[in-house]
Amino acid sequence: MDNRRSVDRAALYLRLSRDDDDRGESQSIRNQRMLLRDYAARQGFAVVGEYVDDGWSGTRFDRPRFQDLMCDMEQHQFDVVLVKDLSRLGRDYIQIGRYLELVFPAYGVRLIAVNDGIDTARADTDLVPFRNVVNEMYARDTSRKIRSALQAKRKVGKFVGNFAPYGYQKDPQDKNHLLPDERAAAVVRRIFAQAAAGVRPAAIARGLNAGGEPPPAVYRCLHHPGLDPDNYSRHKQWTSAGVSRILQDIVYLGHLAQGKTGKISFKSKKTREKQAGEWIIVRDRHEPLVSKQIFDAVQRQRAARRCDRKGAFQNLFSGLAFCADCGKAMSTVGTRKRGSAANLACGAYKLHGSSACTNHFIRYETLYQCVLEAVRRYVCLTEEECDALFERLNCRLHLDARTDEAGRARARLEKALERTRRLVAQLYEDRTAGRIGETNFYPLLEKFEQQTRDLQTQRDGLPDGDGMDSLQQQQARLRAIIRRYADIGELTPALLFALIERIEVGQGTYEKTEKGRAKRQKIRIFFRFLPEPCEIEWKE
């Protein structure tokens, strides 16, 4: 008895990727469907299923409908798979070879690529591996062109990404430009303000969670209803790590740092982290959410090592106090003196001894008292003292015609930089379109990149801004500080990082006096609002 079916059951597989969009209607799903159904009718096949992956790359085999096709094949629901050509099935010649020679035959299923004239039921399939190689070469070339185009956009400061960073949104008029998202931007500013005041990331995260503020991943899903929060956030809460990532991201200064990761291969979804030197950084591309002063203060806070254990000693000068000779940070060391919390010593001496530096020992309480007195002296000022300080600032800034020249020079350099960036972008576009070959491409690219580096060096070497503006900003900042810290009773981390840039501790010397041996030690305190450091000679 012959149990074979009189009519073979056929499944149609159709695929279209975004890479095929520029190839027109010939690759459309509608065209593929018409072609395959017409072929099935002429061959007498009964179409029992249709599987469509629209918008999926041929280099991936985790396509949802392709996986459904494989599952139904295991259930023997069809006898033939019809595709327009082999590239619709996939563009990885190794994987396609496995499906053609192992998987489909194992289930007794024929594969027919209509336009390629391939039918695995026939013996004349020797050229199939070569077609698969050609298809993969096409996918590799497409991937290279896409990467090149994205790289060109990044180099000229265009944002490239599916979603804007937290705190921003894509400009409706230009998807490669960022605009502040007011609700999220307010949260970012709050995070930086708290961090600058000495609040640790874990405490900031707890406050945001207590206030019901959605974390970045959840916030993104709320504004894109098609996204599933479960795929983006496990706990759906703010964490100290998430806050820390925001605090160190220069995007909030108005800069773009892109190309931080790269794919291992165009056929792999795995990525590798790139070194900071490999990133593409373009400055001043969108509106900043925080000032450079606050951002820098936060970085200094993060660099300072502190201990939050109850009752433990807390070094307020961590990240602020440095050796005046070698520049290494002053580090806490033990002390035998009763009533003293600790001594501070040069970090290089502590690690390597006298071969690296001298000890620069100073009692913690001594440094605390010196700094407190200096802060009171220079911050708690009368109006007359303020006016005198402004005069000193005016003299130090040397306001003359050279500041105007510097401003005009900066404008010229900025225009030249923008022009060079456009040339680089055009060069990449010409390379992608095939208008220029590799022989000419790389020398021109090196030339333009060298021009960019030279222009940036010239720009960065100019004085910062207009002198009058700088003076007015200094005066406004000093008056605000005086109003805020009118009566200082003790030093706090927030106060120190707001007022002081750096403290340098000199090597102590001893001399004989009538009362015995006395120690002298010089300390220099660099206030943020003063044009010159405050020098103190401590005696004890």
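Q: Is there a simple way to think about the sheet that holds strand β14 (residues 343-346) in this case?
A: Paired through their backbone hydrogen bonds, the strands of a sheet run either parallel or antiparallel. Strand order in this open sheet of 3 strands is β13-β14-β15, and the pairing throughout is antiparallel. The strands lining the two open edges of the sheet, one partner per strand, are β13 (330-333) and β15 (362-363). Across 4 bridges, the pairing between β13 and β14 is antiparallel. The residue of β14 that forms the bridge with Met330 is Cys346.

Q: Teacher, can you tell me more about the sheet that holds strand β4 (residues 110-113) here?
A: The 5 strands lie next to each other as β2-β1-β3-β4-β5, forming an open sheet whose pairing is mixed. The open sheet is flanked by β2 (46-54) and β5 (118-119), the only strands paired with a single partner. In the sheet, strand β3 (residues 80-83) pairs with β4 via 4 bridges, with the strands oriented parallel. Looking across to β4, one finds that Val83 is bridged to Ala113. Strands in contact with helix α1 (residues 29-43) are β1 (9-16), β2, β3 and β4; relative to β1, the strand with the most contacts, it is inclined by about 160°.

Q: Got a minute to help me understand the packing of helix α6 (residues 182-196) against helix α7 (residues 201-210) in this structure?
A: The relative placement of two packed helices comes down to the angle between their axes together with the axis-to-axis distance. Their axes nearest at 10 Å, the elements α6 and α7 cross at an angle of 140°. One element, α6, and the other, α7, form an angle in the oblique class. Seen from above, α6 lies across α7 with right-handed handedness. Only Ile204, Gly207 and Leu208 of α7 make contact with α6, whose side of the interface consists of Val187, Arg190, Ile191, Gln194 and Ala195. Its residues assigned to classes, the contact of α6 with α7 shows 5 nonpolar, 2 polar and 1 charged.

Q: Can you walk me through α6 in this structure?
A: Helical geometry note: an α-helix holds 3.6 residues per turn, so side chains three or four residues apart project in the same direction. Taking 1.5 Å per residue, 15 residues should reach 21 Å; α6 reaches 21 Å between its end C-alpha atoms and fits that length. Along α6, the positions that sit buried rather than exposed are Ala184, Ala185, Val187, Val188, Ile191, Phe192, Ala195 and Ala196. Just downstream of α6 lies Gly198, where phi reads positive at about 100°.

Q: Can you help me understand the nonpolar core in this one?
A: Proteins that are soluble and globular tend to have nonpolar side chains buried together. Counting 34 residues, the largest nonpolar core has Phe317, Leu367, Val371, Ile503, Ile525 and Phe527 as the members making the most contacts within it. Contributing elements (two or more residues each) for this core: β12 (321-323), β14, α12 (364-379), α17 (493-499), β16 (500-505), β18 (516-527) and β19 (534-539). Here the element with the most residues in this core is α12; it accounts for 8 residues. Beyond its immediate sequence surroundings of up to four residues, Ile525 is in contact with Cys370, Val371, Ala374, Ile500, Arg502, Ile503, Pro533, Cys534 and Ile536. Membership of the second largest hydrophobic core comes to 29 residues, among which are Tyr166, Phe192, Leu247 and Leu289.

Rules behind the numbers
Residues numbered from 1 in each chain as written. Predicted model: local features only at pLDDT ≥ 70, side-chain atom pairs only at ≥ 80, totals over all residues. Heavy atoms only, no water. Pairing = 2+ DSSP bridges. Helix = DSSP H or I, 4+ residues; strand = E, 2+ residues; numbered from the N terminus. Contact = heavy atoms within 4.5 Å. Axes fitted to C-alpha atoms, helices over the stretch in contact; angles between N-to-C directions. Parallel < 35°, antiparallel > 145°, perpendicular 65-115°, else oblique. Left-handed = near helix turned anticlockwise from the far one by under 90°. Nonpolar A, V, L, I, M, F, W, Y, C, P; charged D, E, K, R; others polar. Expected span 1.5 Å × (residues − 1). Buried < 20%, exposed > 50% of the residue type's maximum accessible area, 1.4 Å probe, protein only. Core = buried A, V, L, I, M, F, W, Y, C linked by side-chain atoms within 4.5 Å.

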